[in-house]
Number of protein chains: 2
Amino acid sequence: MSTDTGETADGSDGDARERLIELAAQFYDQFERGDVPHMDVPTRTKTNIEYDPEQKVWVYGDRKSTRSANSVRGAQKLLKVIYSIDFLANQLEEDRSSTLRELYYLSESWDLDEAQFNSQDESNQLIEDLEIVSDVRREEFHMRPEESGAKVMGPLRLREQTNRGDREIHCQDDVGQGGYQIPNDPDTIDFLDNDADFVLCVETGGMRDRLVENGFDDEYNALVVHLGGQPARATRRLTKRLHDELDLPVTVFTDGDPWSYRIYGSVAYGSIKSAHLSKYLATPEAQFIGVQPEDIVEYDLPTDPLADSDVNALESELEDPRFQTDYWEEQIELQLDIDKKSEQQALASYGLDFVTDTYLPERLDEMGIL
Amino acid sequence: MSTDTGETADGSDGDARERLIELAAQFYDQFERGDVPHMDVPTRTKTNIEYDPEQKVWVYGDRKSTRSANSVRGAQKLLKVIYSIDFLANQLEEDRSSTLRELYYLSESWDLDEAQFNSQDESNQLIEDLEIVSDVRREEFHMRPEESGAKVMGPLRLREQTNRGDREIHCQDDVGQGGYQIPNDPDTIDFLDNDADFVLCVETGGMRDRLVENGFDDEYNALVVHLGGQPARATRRLTKRLHDELDLPVTVFTDGDPWSYRIYGSVAYGSIKSAHLSKYLATPEAQFIGVQPEDIVEYDLPTDPLADSDVNALESELEDPRFQTDYWEEQIELQLDIDKKSEQQALASYGLDFVTDTYLPERLDEMGIL
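Residues numbered from 1 in each chain as written. Chains lettered and ligands numbered in written order. Predicted model: local features only at pLDDT ≥ 70, side-chain atom pairs only at ≥ 80, totals over all residues. Heavy atoms only, no water.

Per an unreviewed UniProt entry, chain A goes by Type 2 DNA topoisomerase 6 subunit A and derives from Halorhabdus tiamatea SARL4B. One UniProt comment on chain A, placed under Cofactor (unreviewed entry), says "Mg(2+)". For chain A, the Subunit (unreviewed entry) comment in UniProt is given as "Homodimer. Heterotetramer of two Top6A and two Top6B chains." (UniProt positions renumbered as here; feature names shortened; annotations may be inferred.)

In structure tokens:
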């Protein structure tokens, strides 16, 4: 199964194991050279992310933090790294998987008390460090996210490699009204064939169901991807693959408030906390379809006034490098000016079909997608 | 399609429409008799729920609140009821559906300003009133819940009536690793055939994925239903139907803390706020499989200390009529005594297979299900 990065599902597992073992080998080398063993990890703060024009996503800058065995605390950290690498290498060899939470509890069974995790924050952080240092995604270590992906409806036939064999599924003809459930690791999916013209990621379940009931996916050859609020990693990964491999434009349809713009931001640009994953998860070409502050004015939508927390969030978005474009500055300034926000389901004030008959076709036309 | 209550999907829609119109007709009768139009609704507080030994669930008692046109405010309420009934009757005639949120926004298009809703709380409450007074579930009015159901994996073949035709789906062979996505209205499902011995409802996604990875559903003929925290109405409805129509024992597997016992409570007994729905949604025969406070002791599981909010929640459960059984009093007292809580994934401290090889088989055996 091929992905945009040229990795294969099986191949990347092999890679992942190798890179983990390389990392452990590096500690041996340091010992051998008489160096104090250490591991450098990029500093993960807002001031240390920068735009990578080649990948078109935000990535970590050059600032590093060092985990070193020159203190008891640091030595213990590296001990935990070694035990975790050992566990993960075994897990990959046995073709099994686990969650972050299981790893934390599993450590209680390790023979050395000092290697056990004191909190789940500690084990989560360690796995993130390993992801960054080895440049391998957690899913390739077979660490499943706690939170599963959302669902897809549209003209796409795919093959999913499950642990009970392959399944061929058409995301309209072979699924119920609820659609196709995205697995935890969407790199187990092969795209077979499709009649899709674009991807429409939708924030709320209510709107997703409206589009499906109105047959929007069928009439407009849209792959409707339900985000369900802040999207899971699996959902973002699948969206990226739909864009990169099937060459489909990606649009994001959310409520018209600052929290929803962040949902768009996480689909398009990734997040600061996981900037190392941007190249796997982010779809920089994703376009925001709405609800735009401009739409609130133009379509005279029902609104609520901005709360103080909304105003603060909008102001902080103006400072966020991901939103420093003319488009977003204009929209955010407009929203602060009109002092209003609106939900995507507010489009129902013109009837249940307005969103599929009028709003989305008009926006898609403006955006050059239809 | 038949359900335990002897209703049919199509038939019940007809019924729903009739009952709504009867309700409107009742206002006409009141006018005609020279009475002030009014509508009685059971009072929805903890003191007005009581145990119905026949249905084995908690239902509203005899205390009523009256919505009457003897004040401007009351008259406006009834006006909104009439407009809502008109909308719902049309919706049912056209075989369409909508969400609570859409209803709220749609009211902006109504010709009479006084009939429009001022807040979504108001429209939500009105629909709940209509459910209670007409004894018809919201889903039968074709009001979709905002939140969709979770997913099922196990030896069950079903037919779902979608708005694009019927789909036959086997919940192991025809789905990906993510399972079968429960639709918003699970009464569109017909159960065709199954090899299931019991239903296992699971709180967390991480544990659900563990069971599926370990092939627990296959080895033990279990229908694994993912609850995903507090379960959606659709998930509870499907669980009840699996119990009533397929005669399968239902077990609920959650974390070992007071919030999770409430998840069990909502599957088994329903909630106070929706006691009128208990007979459709609750499965009083559902058994709690764990994590029990007893298990924390017996299996010496990794724990966290109880927070103050946990202690308060446990104490309030001791007062909750749904938990006033010897079993629950014993378990809750034990938990207050040991002052500890544990997560279901804590079973991983004995390895990734402990839950499927040891813990669940032992518990199912104790409970007489295996």
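Participant: Can you tell me about helix α8 (residues 258–268) of chain B, naming the residues and giving the values?
Facilitator: Given 3.6 residues per helical turn, the α-helix brings residues three or four places apart onto the same face. Residue and element names in this part refer to chain B. Counting buried residues along α8, 9 of its 11 residues qualify, which places the element largely inside the surrounding structure. Residues of α8 that are buried: P258, S260, Y261, I263, Y264, G265, S266, V267 and A268. In this structure D257 caps α8, since a side-chain oxygen of it lies 3.0 Å from the backbone nitrogen of W259. Downstream of α8 by one or two residues, G270 has phi in the positive range, about 80 degrees. (Buried < 20%, exposed > 50% of the residue type's maximum accessible area, 1.4 Å probe, protein only. Helix = DSSP H or I, 4+ residues; strand = E, 2+ residues; numbered from the N terminus. Polar contact = N/O pair within 3.5 Å; in protein donor to acceptor, adjacent residues only side chain to side chain.)

Participant: I'd like to hear about the interface of chain A and chain B, residue by residue, with values.
Facilitator: Tallying the contact residues gives 52 residues for chain A and 52 residues for chain B. Approximately 4,500 Å² of surface area, both sides summed, lies buried where chain A meets chain B, with 41% of it carried by carbon and sulfur atoms. By the criterion of area lost to chain B, the three top residues of chain A are R96, Y105 and R164 of chain A, representing 16% of everything that side buries. Here chain A and chain B share 14 salt bridges between them. When the shortest N-O distance is used, the salt bridge between R101 of chain B and E343 of chain A registers 2.6 Å. (Contact = heavy atoms within 4.5 Å. Buried area = accessible area lost by both parts, 1.4 Å probe. Salt bridge = Lys/Arg side-chain N within 4 Å of Asp/Glu carboxyl O.)

Participant: Any details on the sheet that holds strand β10 (residues 180–181) of chain B? Residues and values, ideally.
Facilitator: Residues and elements named next belong to chain B. Ordered in space as β10-β7-β13-β12-β14-β15, the 6 strands form an open sheet in which the pairing is mixed. With one partner strand each, in any of the chains shown, β10 and β15 (287–290) form the two edges of the open sheet. Of the strand pairs in this sheet, strand β12 (residues 198–202) and strand β14 (residues 250–253) are connected by 4 bridges, and their pairing is parallel. For C201, the partnering residue across the bridge sits in β14 and is V252. (Pairing = 2+ DSSP bridges.)

Participant: Before we move on, could you go through the packing of α8 of chain B against helix α11 (residues 308–319) of chain B and cite the residues and values that matter?
Facilitator: For the pair α8 of chain B and α11 of chain B, the least separation of the axes is 9 Å and the interaxial angle reads 35 degrees. Residues P258, W259, Y261 and R262 of chain B of α8 of chain B touch α11 of chain B, and the partners they reach there are S309, D310, A313, L314, S316 and E317 of chain B. (Axes fitted to C-alpha atoms, helices over the stretch in contact; angles between N-to-C directions.)

Participant: If you had to explain the pattern of salt bridges to someone new, which residues and values would you point to?
Facilitator: All names here are of chain A. Counted according to the given criterion, the structure contains 64 salt bridges over all chains. Residues D187 and R137 are paired through a salt bridge, measuring 2.8 Å at the closest nitrogen-oxygen approach. You can see D187 sitting in the loop between β10 (180–181) and β11 (189–194) and its partner R137 sitting in the loop between α4 (120–134) and β6 (143–144), a full 50 residues away along the chain. With respect to burial, D187 and R137 carry one shared label: buried. Each of the salt bridges in this network shares a partner with another, and the network as a whole consists of E131, R137, E139, E140, D187, R233, R237, R241 and E245.

Participant: Break down the relation of the copies chain A and chain B for me, citing the residues and quoting the values.
Facilitator: Taken as rigid bodies, chain A and chain B are interconverted by a rotation of 180 degrees and an axial shift of 0.0 Å, the fit giving an RMSD of 0.0 Å. Given the turn and translation reported, the copies of this chain are related as if by a two-fold rotation axis. Minimal C-alpha distance to the rotation axis in chain A is attained by Q181 of chain A, lying at 3.2 Å. By residue overlap, the copies meet face to face through one surface: 100% of the interface positions of chain A are interface positions in chain B. (Least-squares fit on C-alpha atoms with pLDDT ≥ 70 in both.)

Participant: I'd like to hear about the sheet that holds β10 of chain A, residue by residue, with values.
Facilitator: One key point about sheets: their strands pair by backbone hydrogen bonds, in either a parallel or an antiparallel sense. Residue and element names in this part refer to chain A. The strand order β10-β7-β13-β12-β14-β15 describes an open sheet built from 6 strands, whose pairing is mixed. Pairing within the sheet leaves two strands with one partner each, and these edge strands are β10 and β15 (287–290). Relative to β10, strand β7 (residues 151–153) runs antiparallel, the two sharing 2 bridges. Among the inter-strand pairings, V152 is bridged to a residue of β10, identified as Y180. Relative to the sheet, helix α7 (residues 233–246) contacts β7, β12 (198–202), β13 (222–226) and β14 (250–253), its axis offset from that of β13 by approximately 165 degrees.

Participant: Would you mind going over the UniProt feature "domain: Type II DNA topoisomerase VI subunit A all-beta" (unreviewed entry) in chain A in detail, with residue names and values included?
Facilitator: UniProt marks residues 146–195 of chain A with the feature "domain: Type II DNA topoisomerase VI subunit A all-beta" (unreviewed entry), using the numbering shown here. In residues 146–195 of chain A, helix accounts for 0% and strand for 48%; the two terminal C-alpha atoms are 32 Å from one another.

Participant: Describe the packing of helix α2 (residues 72–93) of chain A against α4 of chain A, listing the residues and the values that go with them.
Facilitator: Residues and elements named next belong to chain A. The geometry of α2 relative to α4 is characterised by a closest axis approach of 11 Å and an angle of 75 degrees between their N-to-C directions. Taken together, the axes of α2 and α4 are roughly perpendicular relative to one another. Counted together, K77, K80, V81, S84, I85 and L88 of α2 and E122, L126, I127 and L130 of α4 form the full contact between these two elements. Here the contact of α2 with α4 is built from residues that sort into 6 nonpolar, 1 polar and 3 charged. (Parallel < 35°, antiparallel > 145°, perpendicular 65-115°, else oblique. Nonpolar A, V, L, I, M, F, W, Y, C, P; charged D, E, K, R; others polar.)

Participant: Can you tell me about unusual backbone geometry, naming the residues and giving the values?
Facilitator: Only a minority of non-glycine residues have a phi that is not negative, and only a minority of peptide bonds are not trans. Here the residue pair G290 of chain A and V291 of chain A is connected by a cis peptide bond, since its omega of 5 degrees sits within 30 degrees of zero. One can find V291 of chain A in the loop between β15 and α10 (293–298). Positive phi, normally seen in glycine, also occurs at D247 of chain A, with a value near 60 degrees. The exposure class of D247 of chain A is exposed, given its relative accessible area of 65%. Residue D135 of chain B is not a glycine yet carries a positive backbone phi of 60 degrees. Its place among the elements puts D135 of chain B in the loop between α4 (120–134) and β6 (143–144).

Participant: Describe the UniProt feature "domain: Spo11/DNA topoisomerase VI subunit A N-terminal" (unreviewed entry) in chain A, and please don't skip the residues or the numbers.
Facilitator: Following the UniProt record, the feature "domain: Spo11/DNA topoisomerase VI subunit A N-terminal" (unreviewed entry) maps to residues 77–142 of chain A here. End C-alpha to end C-alpha, residues 77–142 of chain A measures 22 Å, and it is 59% helix and 3% strand.

Participant: Just give me the short version of the packing of aromatic side chains, but keep the residues and values in it.
Facilitator: Residue and element names in this part refer to chain A. Under the criterion given, the structure shown has 34 aromatic pairs over all chains. Seen in terms of ring centroids, Y261 and F288 are 5.6 Å apart; in terms of plane orientation they differ by 85 degrees. Their pairing is edge-to-face. A residue pair is termed long-range when its members are at least 10 positions apart, and Y261 in helix α8 (residues 258–268) and F288 in strand β15 qualify at 27 residues. We classify Y261 as buried; its relative accessible area is 0%. Given the relative accessible area of 6%, F288 is considered buried. Pairing F323 with W328 gives two aromatic rings, centres 5.1 Å apart and planes at 90 degrees, and the pair type is edge-to-face. Classification of F323 by relative accessible area gives buried; the value is 0%. Using a relative accessible area of 2% as the deciding quantity, one classes W328 as buried. Every member of this aromatic cluster is reached through a ring pair, and the members are Y261, Y264, Y269, F288, F323, Y327 and W328. Of note, R241 hangs over the ring of F191, and the distance from its end group to the ring centre comes to 4.7 Å. (Phe/Tyr/Trp six-rings, centres within 6.5 Å; stacked < 30°, edge-to-face > 60°. Lys NZ or Arg CZ within 6 Å of the ring centre and 35° of its normal.)

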